[in-house]
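Report on the structure
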Amino acid sequence: MRSVYLIIVSVLLVVLVGACRSTKYVPDGAYLLNKVEIENTAKDLTKEELKYYVRQKENVKILGFWRFHLGLYNLSGKDDSKGFNKWLRKIGEEPVLYDELLKQKSSEQLGIFLKNKGYYQARVTDTLIVQRNKKAKVKYTINPGERYHLNKLDYRIDDDSIRSYILADTINTLLKSGKPFDADLHDDERKRITQSMRNQGFYNFRKDFVYYMADSAIGNYRVNDSLIIVKDRIQLAGKADSIISHKKYKIKDVYFIVGYDPQQALRNPDTYFSQFDTLHFEKCKILYGENINFRADVLINSNYIFPGDLFNQELVDKTQLLLSELQLFRFVNIRFKELEGEIDGDGHGALECFIQLSSSKIQSYTVQVEGTNSSGNLGAAGSFKYRHKNFLRGGEVFDMRFRVANENQVARDKQNFRTLEVGGDAKLTIPKFLVPFKIENFRKRYNPRTNFSLSYNYQRRPDYTRTIANGKIGYSWKSSPLVTHYFAPIDFSVVNVPIIDSLFNDRIKDTYLKYSYEDHLISSTSYSFIYNEQAVAGNRNFHFLQANIQSAGNILDGLSTLISNNSDAEYNEVFGIRYAQYVKADIDWRYHMNVNKINSFAYRFFLGVGYPYGNLNVLPFEKRYFSGGANGIRAWPVRGLGPGSYEETELDYYNQTADIKIEANAEYRFKLFWLLEGAFFIDAGNIWTIRSSGNDEIDTKGLFKFNQFYNQIAVGVGAGARLDFNYFVFRLDMGVKARNPVLPKGERWILGVKPIRWDDMAFNFAIGYPF
């Protein structure tokens, strides 16, 4: 591990030398653009917004000062025909030379942007400041003046047929009196009106039909707006455009084309559809080839478009989404054809709807041999996976998996030991809610799923051997594109611990922890809420939030009380096995901030609490929290931290767990060259017990207490190197203990106070980002 880091550090030092010679390839008479500075007094416009319109920016930096990529470029020789020089120039960044024309363009673009934001009197001045060693700085000074605000909004609607629709929708307008004038907000209002009209049947309505006239001459920094909507315009061959009123459209026919092949349709447009058979179902026509391998109601239950209905763009989008998520089709295209000359008694036009469905492969299997990573512990695994996407001919997805894994872990004495895990699971996902009562339109509104799963897992470690059998029924649905819900009313596990190491058992037999390593049942109900902006964020900043709550044992406790009399027993049993009772809740928040194409920041906060009660006064081992490792506080080995300031010294293997977990992480990430990325991070947190354990030392040092937990926070810092292959990321992180809570009070800070020892460092090799 140390040799890898030494190589990386050596490379970085060489590049740093190259970066110091930043003007190596700056010709005489030219200047390296050393800095772009924006001086702005407009409080409601950030420098990041303004800098977007600067047409020439300085070379990118990492760590806020180091032009690493320019340094790579400067390491190349002057003979660009040589392969190594070409490679350096390709992965590096060419020096940005000051350009007078781009400076002027930037000032113009900044002025336009400011006017679009309501700063009609803004003035932008640019200044070139020549520095030493062929370097220059460009400074843009912005005097925004007063910002104009909307005074009132008037409507001019040239088409009487749509006036009532527009005026009825004015309550939802984005252009409110008193708001700052903003051209982007005006464009959003055009889009909103267009979407509203298309949702009400106006198929041909476009954003181009809406425009504005603004009068800023009324004084007092106010603008009177006129929103103008013009009539439709159609082109006639050889004639002048004809101006007509907007009209609504109804759906005449809906065609599902199953097994659609766009290439064949393009080659044989006249005969392609003659090879299809037609099935009439629920007023729709289903066209298919040799056979249709799913029930027709699968399509209808995912469809919002029916003959006789008015065109509605929102329902078209929902239909597209529902059909795409069935996994039966490689792609879904929805097309409309206007039937010229067909007008009904209400003046509505007619549309034919063609839903083109390209079939996907229904069954598949994979055999994989892969490297594994469990919180930084590396190993190898082999797996067999089978999937059927139409198991019961209703779009049900059946998944089956068998897996064998062997991992290498490190004990306290730095000796390696291996763990074995063998398991299999089967899962059936049904694209609707299976409940004993009817839920009207829930399938179409929330895209629900019902999940049935069974699993069995065998785990062998030096300190214990454990098996877990699990059966689960769960529901998932999406209340919005960003929000997903999971509800599992039945989650039943049987945990068996047939073998336990004698030394380990002697250590825990007089504490409450012994119950975590005895046979037990878990019957729980859980709910999870997930808010995820990543899918719609693109390259922008995004939040992720997951909240979970779980309750276990109450149903079993009630049944046990009804069917047996165990009042004299220490605890109740079902099928001769003790069951657990607890409530558990946790929250996981993450925020990713992209500064530019090179630099980004990632933050995470986690808080979890589990409270055991009733029949078992300790959380089951598999439900307890742990810290350390590649995805936790990286300066400690996995399960090697806590609880509190307690340090386990007698057991050979790291296995510290607890009932409460608090953790916060921050990471600065930057791209270097090729696939290589770097990172600096800081992690802080710990775990604590919530109830007395029976061990005085653990209770004194590891029990959560409001007046002392903050003094038991562990802090780790470090650096990392990553290889990003797009589909997966190899990660090597080196963590250093900055604050160790097991040390005596007043001596817990290490970094900058004491020499760093080898035991104060931890190396974590992992797959994927930590968060």
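A few points on the structure. (Residues numbered from 1 in each chain as written. Predicted model: local features only at pLDDT ≥ 70, side-chain atom pairs only at ≥ 80, totals over all residues. Heavy atoms only, no water.)

1. Section: the overall build of the chain
In terms of helices and strands, the chain carries 15 helices and 31 strands. For the chain, buried positions account for 46% of its 771 residues. Expressed as a percentage of contacts within the chain between residues at least 6 apart in sequence, the contacts between residues at least 24 apart total 64%. Carbon and sulfur atoms make up 54% of the accessible area of the chain, which totals about 39,600 Å². Distance between charge centres in the chain, computed from 103 positive and 88 negative side chains, equals 4 Å. (Helix = DSSP H or I, 4+ residues; strand = E, 2+ residues; numbered from the N terminus. Buried < 20%, exposed > 50% of the residue type's maximum accessible area, 1.4 Å probe, protein only. Contact = heavy atoms within 4.5 Å. Areas by Shrake-Rupley, 256 points an atom, 1.4 Å probe, with all protein chains shown as cover. Lys, Arg positive; Asp, Glu negative; His and termini not counted. Charge placed at Lys NZ, Arg CZ, Asp CG, Glu CD.)

2. A closer look at the pattern of salt bridges
For the structure shown, the criterion picks out 39 salt bridges. Across the pair K137 and E37 runs a salt bridge whose closest N-O atoms are separated by 3.4 Å. Residue K137 is found in strand β3 (residues 135–143), and its partner E37 is found in strand β1 (residues 32–40); the two are separated by 100 residues along the sequence. The exposure class assigned to K137 is buried, which follows from its relative accessible area of 16%. Looking at E37, the relative accessible area reads 22%, which means it is partly exposed. The partner of R624 in a salt bridge is D659, with the nearest N and O atoms 3.1 Å apart. (Salt bridge = Lys/Arg side-chain N within 4 Å of Asp/Glu carboxyl O.)

3. So, the environment of A380
Within the fold, A380 resides in strand β15 (residues 377–388). Through-space distance from the C-alpha of A380 to that of N406 is 5.6 Å; in sequence the pair is 26 residues apart.

4. Structural notes on the pairing of strand β13 (residues 349–359)
Extensive coverage of β13 is indicated by the burial of 9 of its 11 residues. As judged from the 9 bridges shared by strand β9 (residues 249–258) and β13, these two strands associate in the parallel manner. Residue pairing across strands places I251 opposite L351, the latter belonging to β13. Summarising the sheet, strand β12 (residues 329–343) and β13 pair through 11 bridges and their orientation is antiparallel. In the strand pairing of β13, E338 is matched with L351. (Pairing = 2+ DSSP bridges.)

5. Some thoughts on the nonpolar core
Ranked by size, the top nonpolar core spans 31 residues in total, and within it F256, L299, F336, I355 and L357 carry the most contacts. The biggest single contributor to this core is β9, with 5 residues. Not counting the four nearest positions on each side in its chain, F256 is found in contact with C284, K285, I286, L287, L299, I300, N303, L323, I355 and L357. In this structure, Y148, I162, M197 and F205 belong to the second largest nonpolar core, which totals 18 residues. (Core = buried A, V, L, I, M, F, W, Y, C linked by side-chain atoms within 4.5 Å.)

6. Section: the layout of surface pockets
Taken as a whole, the second largest pocket holds about 1,800 Å³ of empty space. N594, V595, N596, K597 and N599 are the residues nearest the centre of the second largest pocket, which is lined by 45 residues in total. If you list the elements that add at least two residues to the lining of the second largest pocket, you get β1, α2 (47–51), β22 (542–552), β25 (582–594), β26 (599–612) and β27 (660–673). Of the residues contributing to the lining of the second largest pocket, the split by class is 17 nonpolar, 12 polar and 16 charged. (1 Å grid on protein atoms, 1.4 Å probe; cavity = no way out; pocket = protein on both sides within 12 Å on 5 of 7 lines; lining within 4 Å. Points joined across faces, edges and corners; volume = space filled by probe spheres on them. Nonpolar A, V, L, I, M, F, W, Y, C, P; charged D, E, K, R; others polar.)

7. Describing the packing of aromatic side chains
Going through the model one piece at a time under the given rule, you end up with 45 aromatic pairs. Cluster of aromatic residues (ring-pair linked, three or more members): W589, Y591, F601, Y603, Y668, F670 and F680. Over the ring of F681 we find R634; its NZ or CZ atom is 3.7 Å from the centre of that ring. (Phe/Tyr/Trp six-rings, centres within 6.5 Å; stacked < 30°, edge-to-face > 60°. Lys NZ or Arg CZ within 6 Å of the ring centre and 35° of its normal.)

8. Focus: the packing of helix α7 (residues 183–199) against helix α10 (residues 313–324)
Packing of α7 against α10 brings their axes to within 6 Å, and their N-to-C directions diverge by 85°. The orientation of α7 with respect to α10, classified from their angle, is roughly perpendicular. Here α7 contributes Q195, R198 and N199 to the contact with α10, which in turn contributes Q313, E314 and D317. A breakdown of the residues in the contact of α7 with α10 according to their chemical character gives no nonpolar, 3 polar and 3 charged. (Axes fitted to C-alpha atoms, helices over the stretch in contact; angles between N-to-C directions. Parallel < 35°, antiparallel > 145°, perpendicular 65-115°, else oblique.)

9. Points about the sheet that holds β1
The mixed open sheet is built from 3 strands, whose spatial order is β1-β3-β2. Strands at the two margins of the open sheet, each flanked by one partner only, are β1 and β2 (123–130). Pairs of neighbouring strands in the sheet enclose a mean axial angle of 15°, with direction left out of account. Here 8 bridges tie β1 to β3, and the two strands are oriented parallel to one another. Counted as the bridge partner of N40 is I142 from β3.

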